Amino acid sequence: MKKLLSVLLIVLTFVNLASAQQDPQAGKILNQMSAKYKSMKAFKATFAQTLENPSAKVKETMQGDILVSGPKYHLSVSGQEIINDGKLMWTFLQDVNEVTITENDAEAEAMSPSKIFDMYKKGYKYAYAGTETEGNINYDVIELSPEDRNNPIFKVRLYINQKDSTLKKWQMFRNNGNRYTYAITNFQANPDLAADAFTFNKAKHKGVTVVDLR
């Protein structure tokens, strides 16, 4: 269950409050980033997720892949796959060879990774936090803070390439002391898509147990 929650955090992040109080400089940078990704029919990325909690002396890193096209996505990380075709969602656990099928609902839609580049538009205030340089590349740093004080995530920090408006990495800070860092290590725009890219193909998983909760 802990692993599944961690996966859903990625989905929530790979997931609109524009108001007079927003930072216009940050808003311009975020709008440019959002427009760039919305112009793509699909994209594919490899990422590294790192969980850190200094007080608990925890630091764990795992690798993952994600394929996104509009509201559809296919996420693979740590022996799990979450596939969503916009109507149905399949959650496949490789270690037990089991897939659970559910219908899309409002919560699943809100956590869609296709909305990662639009999450600033609703429920968050944003502000420009300066620049950082890594490997001779300059990044604008934008910080988002949720309007809902009950949100367990109290801050999200985005690192956006100044040259091409791509999102290099982001960090999520939680009230329990956990910090999640997602760094994109490889990115491909408009990849070729297989016919079954966004559905679970039972024929590829011999003996799989199907739990249908539709």
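Residues numbered from 1 in each chain as written. Predicted model: local features only at pLDDT ≥ 70, side-chain atom pairs only at ≥ 80, totals over all residues. Heavy atoms only, no water.

A.B. asks: Please give an account of the overall build of the protein that cites residues and values.
C.D. replies: Helices and strands together make up the secondary structure of the protein, namely 3 helices and 12 strands. In the protein, which comprises 214 residues, the proportion classed as buried is 44%. Split by element, the accessible area of the protein, about 11700 Å² in all, is 49% carbon and sulfur. (Helix = DSSP H or I, 4+ residues; strand = E, 2+ residues; numbered from the N terminus. Buried < 20%, exposed > 50% of the residue type's maximum accessible area, 1.4 Å probe, protein only. Areas by Shrake-Rupley, 256 points an atom, 1.4 Å probe, with all protein chains shown as cover.)

A.B. asks: Residue-level account of the side chain of N178, with values.
C.D. replies: Assignment of secondary structure puts N178 in the loop between β10 (167-174) and β11 (179-189). With a relative accessible area of 16%, N178 lands in the buried category. Once residues within four sequence positions are removed from consideration, N178 is found in contact with L51, E52, N53, M172 and F173. (Contact = heavy atoms within 4.5 Å.)

A.B. asks: Let's hear about the pattern of salt bridges: which residues, and what values?
C.D. replies: For the structure on display, the rule yields 7 salt bridges. Note that D118 is salt-bridged to K121, the shortest N-O span being 3.3 Å. The closest approach of N and O atoms between D196 and K204, which form a salt bridge, is 3.1 Å. When salt bridges that share partners are traced, they join K38, D118 and K121 into one network. (Salt bridge = Lys/Arg side-chain N within 4 Å of Asp/Glu carboxyl O.)

A.B. asks: I'd like a rundown of helix α2 (residues 24-38), residues and numbers included.
C.D. replies: Helical geometry: 3.6 residues make up each α-helical turn, so side chains three or four residues apart lie on a common side. For α2, which comprises 15 residues, the first-to-last C-alpha distance of 21 Å matches the rise-based estimate of 21 Å (1.5 Å per residue) to within 8%. Burial in α2 covers these residues: A26, G27, I29, L30, M33, S34 and Y37. In a view along the axis of α2, the buried residues occupy a sector of 165°, so they form one face of it. Those residues of α2 that are exposed and angled more than 90 degrees off the buried face are P24 and K28. Tucked inside the fold, the buried residues of α2 contact β7 (124-134), β8 (137-146), β9 (153-161), β10 and β11. (Expected span 1.5 Å × (residues − 1). Arc of directions from axis to C-beta.)

A.B. asks: I'd like a rundown of the sheet that holds strand β12 (residues 209-212), residues and numbers included.
C.D. replies: Taken in spatial order, the 12 strands line up as β7-β8-β9-β10-β11-β1-β2-β3-β4-β5-β6-β12 in an open sheet, and their pairing is mixed. Only two strands of the sheet have a single partner each, and these edge strands are β7 and β12. Along the sheet, successive strands turn relative to each other by an average axial angle of 20°, direction set aside. Here strand β4 (residues 80-84) runs beside strand β5 (residues 88-93); their pairing, made up of 5 bridges, is antiparallel. If you follow I82 over to β5, its bridge partner there is T91. The strands that α2 touches are β7, β8, β9, β10 and β11; relative to β7, the one it contacts most, it runs at about 80°. (Pairing = 2+ DSSP bridges. Axes fitted to C-alpha atoms, helices over the stretch in contact; angles between N-to-C directions.)

A.B. asks: Run through the pairing of strand β1 (residues 43-53), naming residues and quoting values.
C.D. replies: With 9 of 11 residues buried, β1 is to be regarded as a mostly interior element. The pairing of β1 with strand β2 (residues 58-69) spans 11 bridges and is antiparallel. Of the residues in β2, the one forming a bridge with Q49 is M62. Taking the residues that link successive antiparallel strands as the turn, the β1-β2 hairpin has 4 residues, and the phi of K57 there is positive, at about 55°. Of the strand pairs in this sheet, β1 and β11 are connected by 10 bridges, and their pairing is antiparallel. Counterpart to A45 in the pairing with β11 is F187.

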